[in-house]
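For reference, the chains in residue letters:
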Amino acid sequence: MIPMVDLKLQYQQLQSDIDAALADVLDSTAFILGPNVRAFEAEAAEYLGTQFAIGCASGTDALHLALLAAGIGPGDEVITSAFTFIATAEAIAYVGATPVFVDIDERTMNLDLDAVATAISDNTAAILPVHLFGQPVDMGQLSALAEKHDLTIVEDCAQSFGADISGQQTGSFGLAGCFSFFPSKNLGCYGDGGLITTNSESVRDHLLSLRNHGSSKRYHHQEIGYNSRLDEIQAAILRVKLRHIDRFNQERRRVAHRYNELLADTGITTPFEDGIGTHVFHQYTLRSPQRDAIMAALSQREIACAIYYPVPLHRQEVFAEVCRDHSLPVTEAIASDCFSLPIFPEMTDQQIVEVTDTIKQALNG
Ligand SMILES: *Cc1c(COP(=O)(O)O)cnc(C)c1O
């Protein structure tokens, strides 16, 4: 049995530190907005190279609150990818704006920046790039485009914690960066959690209010806000794991490169690294016309595999109205033949070979 990600093994490796951190929180009984959240926010900001980092309840909330703090609302268009998790576009809808889905690059599966440029209209207010599967979008080029048209960038970094471009971390390029600590993310907690980074003091102040019922002074409310806090238990776990994130990401890269080596000459399209930034391989995603046969063979051997994402967002029922007659050929082609293999820092060479041997047998059989 090989899972997509082995959270148990990672817990066992970090058990003494995590158990001690949890015991401290339980002993303190400070469960909401206490010392661990403050410390984690400072440590994450330091790691990510931003002035501020604000914890919140999930990656979805991070996107929602960041768009609100960026002043995006009804009448605004936000350009994004359709080849992502639904939360990216949900957040745009929450603030009353309209998602404008553009096609992706065939090799990186990230936003096609030429398509972004073409989609800019008088109503465009923001661009929401997703650093998909852990590979940074070319933020140099995207930032230049945004600047030229006076557009805000909010980054979806839910899959890219620790990915950088020439030493600069994803989440530090736009007005805000949005992170998820869902358990299976490359930096994951033991429940839901999220984080927003920014270098803007006014955005930081607005986010602190939004996540806490629109209040910056206790029982005084300037606006309708939300209950969206990262809790102390999750922050304490994240502080332990943050110390290991570089090693985790390096190990993911080891697994990915070993897969590449073993799958060369099989006709399968292995992930393309454009070399602009460092890919941290939140997912290892391939393409093959024989996807169904491969996935059947893997599940036969109790090896997990998954399709991220089988139905692109412009083809989702919920966006049928917004996306009538909308065609995104590259996105659709990739959704029809992509699949992702197990990848986690603790994966052994024996496990990697078992996966690739099973795939090769499926292709030859
Ligand atoms: C996981 C994910 C989210 C949402 O994060 P949650 O913490 O689950 O709310 C948003 N965008 C992308 C690209 C994701 O992978």
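Values in this document were obtained by computation on a predicted structure and should not be read as measured data.

(A) View of the overall build of the chain. Counting its secondary structure elements, the chain contains twelve helices and 13 strands. Taken against the 2.2 N^0.38 rule, which gives 21 Å for 365 residues, the C-alpha radius of gyration of the chain at 20 Å falls within 12% of a compact globule. Along the first, second and third principal axes, the C-alpha set of the chain runs to 70 × 55 × 35 Å. Split into buried and exposed, the 365 residues of the chain put 55% on the buried side.

(B) Quick look at the packing of aromatic side chains. The full count for this structure, using the stated rule, is twelve aromatic pairs. An angle of 80° between the planes, with centres 6.1 Å apart, marks the rings of Tyr11 and Tyr190 as edge-to-face. Placement of the pair is Tyr11 in helix H1 (residues 7-28) and Tyr190 in the loop between strand E8 (176-180) and strand E9 (194-198), with a sequence separation of 179 residues. For Tyr11, a relative accessible area of 25% gives the class partly exposed. On the accessibility criterion, Tyr190 (33% relative accessible area) is partly exposed. Look at Phe83 and Phe133: their rings are 6.2 Å apart centre to centre, the planes differ by 90°, and that puts the pair in the edge-to-face class. Of this pair, Phe83 sits in the loop between strand E2 (77-81) and helix H4 (86-94) while Phe133 is found in the loop between strand E4 (124-128) and helix H6 (139-148), placing the two residues 50 residues apart along the sequence. The ring of Phe52 is capped by Arg204, whose NZ or CZ atom sits 4.4 Å from the centre of that ring.

(C) Representation of the site of the ligand in the model. Taken together, the neighbourhood of the ligand is formed by 15 residues, with Gly59, Thr60, Asp156, Ser180 and Lys185 sitting nearest. Here an oxygen atom of the ligand sits 2.8 Å away from a polar atom, N or O, in the main chain of Gly59. Here a nitrogen atom of the ligand and a side-chain polar atom of Asp156 are 2.8 Å apart. Of all the elements in the fold, those that place two or more residues in the shell around the ligand are helix H3 (59-69) and H4. Among the elements that line the shell around the ligand, the one with the most residues is H3, at three residues. Of the residues contributing to the shell around the ligand, the split by class is six nonpolar, seven polar and two charged.

(D) Geometry of the packing of helix H10 (residues 291-300) against helix H12 (residues 349-364). One way to put it is that H10 packs onto H12 with a least axis distance of 9 Å and a crossing angle of 130°. Comparing the axis directions of H10 and H12 gives the class oblique. The handedness of the crossing between H10 and H12 is right-handed. Only Val355, Thr358, Ile359, Ala362 and Leu363 of H12 make contact with H10, whose side of the interface consists of Ala293, Ile294, Ala297 and Leu298. Counted by class, the contact of H10 with H12 contains eight nonpolar, one polar and no charged residues.

(E) Main features of the pairing of E4. Burial analysis of E4 places five of its five residues in the buried class, which makes it a mostly covered element. Note that E2 and E4 share four bridges and pair parallel. When the sheet's bridge partners are listed, Val78 is paired in E4 with Ala126. One ladder, built from two bridges, connects E4 with strand E5 (residues 152-156); its direction is parallel. Across the sheet, the residue bridging to Ile127 is Ile153, located in E5. This β-α-β element, E4 to H6 to E5, shows right-handed connectivity.

(F) Molecular detail of the sheet that holds E8. Pairing within the open sheet is mixed, and its seven strands lie in the order E1-E9-E8-E5-E4-E2-E3. Of all the strands in the sheet, the pair left with one neighbour each is strand E1 (52-56) and strand E3 (98-102). Going across the sheet, the axis of each strand differs from the next one's by a mean of 25°, ignoring polarity.

How each quantity is defined
- Residues numbered from 1 in each chain as written.
- Predicted model: local features only at pLDDT ≥ 70, side-chain atom pairs only at ≥ 80, totals over all residues.
- Heavy atoms only, no water.
- Helix = DSSP H or I, 4+ residues; strand = E, 2+ residues; numbered from the N terminus.
- Rg over C-alpha atoms; globule rule 2.2 N^0.38 Å.
- Buried < 20%, exposed > 50% of the residue type's maximum accessible area, 1.4 Å probe, protein only.
- Phe/Tyr/Trp six-rings, centres within 6.5 Å; stacked < 30°, edge-to-face > 60°.
- Lys NZ or Arg CZ within 6 Å of the ring centre and 35° of its normal.
- Near = heavy atom within 4 Å.
- Polar contact = N/O pair within 3.5 Å; in protein donor to acceptor, adjacent residues only side chain to side chain.
- Nonpolar A, V, L, I, M, F, W, Y, C, P; charged D, E, K, R; others polar.
- Axes fitted to C-alpha atoms, helices over the stretch in contact; angles between N-to-C directions.
- Parallel < 35°, antiparallel > 145°, perpendicular 65-115°, else oblique.
- Left-handed = near helix turned anticlockwise from the far one by under 90°.
- Contact = heavy atoms within 4.5 Å.
- Pairing = 2+ DSSP bridges.
- Right-handed = clockwise from strand over helix to strand, strands pointing away.

All quantities given are derived from atomic positions and should not be read as evidence of function.
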